[in-house]
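Here are the chains, one letter per residue:
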Amino acid sequence: EFDHMVGAQALNSMLKATVAEQAMCILARQGNADLLRKALELRANADAEDVRGVRPLTYATALHGEHHAATRVLLTSGADTRAKAHAELVLTMFSSDAQVASDAVEEVATLQ
């Protein structure tokens, strides 16, 4: 992807892509379609997972709905549509309420 670049130009592009990719889930949680679009222009991966293994499309769908601009930006960019499946339930697995989280984990386990 960066093969045609050399030196500082290659390093600069790689750093921008890395930072943009790390911001993807945060931006999706916020529903910030404009900055998601910008991150994608900087070559961020639309399917980049956060430390929990959750993808941006999961956050956007669960927190803002399928028709929100952030969700549409991710879908248009080629995000894996499987990340929409059971999005709200996936996020519930990380609830601060231990019982709620446990129940969600058990329910997710039955989906497989």
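Whatever comes next refers back to the structure up there.
For the structure given in this document, a descriptive report is provided here. (Residues numbered from 1 in each chain as written. Predicted model: local features only at pLDDT ≥ 70, side-chain atom pairs only at ≥ 80, totals over all residues. Heavy atoms only, no water.)

**Things to note about the pattern of salt bridges**
Inclusion rule: Only one rule defines a salt bridge in this text: a Lys or Arg side-chain nitrogen within 4 Å of an Asp or Glu carboxyl oxygen. What counts as a helix is a DSSP run of H or I of at least four residues, what counts as a strand is a run of E of at least two, and both are numbered from the N terminus. Relative accessibility decides the category of a residue: with a 1.4 Å probe and only protein chains considered, values under 20% of the type maximum give buried, values over 50% give exposed, and everything between is partly exposed.
Following the criterion strictly, the structure yields six salt bridges and no others. Note that Arg37 is salt-bridged to Asp34, the shortest N-O span being 3.2 Å. Pair noted here: Arg37 and Asp34 are both in helix H2 (residues 33-41), with a separation of three residues, about one helical turn. Taking the relative accessible area as the measure of exposure, Asp34 reaches 57% and is therefore exposed. Of the charged contacts, one joins Arg55 and Asp47 as a salt bridge, the two residues approaching to 3.8 Å between their closest N and O atoms. Overlapping salt bridges bring together Asp47, Glu49, Arg55, Asp80 and Arg82 as one network.

**Comments concerning the packing of aromatic side chains**
Put simply, the rule reads: Only Phe, Tyr and Trp rings take part, Trp by its six-membered ring, and two of them pair if their centres are within 6.5 Å. Stacked means planes under 30 degrees apart, edge-to-face means over 60, and tilted covers everything else. Any Lys NZ or Arg CZ found within 6 Å of a ring centre and within 35 degrees of that ring's normal is scored as a charge over the ring.
Using the criterion set out here, one finds zero aromatic pairs in the structure. Between Arg29 and the ring centre of Tyr59, over which it is positioned, the NZ or CZ distance is 5.1 Å.

**Comments concerning the nonpolar core**
What counts here: The definition of a nonpolar core used throughout is a set of buried Ala, Val, Leu, Ile, Met, Phe, Trp, Tyr and Cys residues joined through side-chain atoms within 4.5 Å. It only takes one pair of heavy atoms within 4.5 Å for two residues to be counted as in contact.
Counting residues in each nonpolar core, the largest one holds 24 residues, and the members touching the most others are Met24, Ala28, Leu36, Ala39, Tyr59 and Leu74. For this core, the secondary structure elements donating two or more residues are helix H1 (7-30), H2, helix H3 (56-64), helix H4 (69-76) and helix H5 (87-92). For this core, the leading source of residues is H1, giving five residues. Setting aside residues up to four positions removed in sequence, Leu74 forms contacts with Met24, Ala28, Leu36, Ala46, Pro56, Leu57, Ala60 and Ala79.

**Some words on the environment of Val90**
Take Val90: it is sitting in helix H5. C-alpha of Val90 to C-alpha of Ala101: the two residues are 11 residues apart in sequence and 9.4 Å apart in space. If we skip the residues at most four places from it in the chain, Val90 touches Val54, Thr58 and Ala85.

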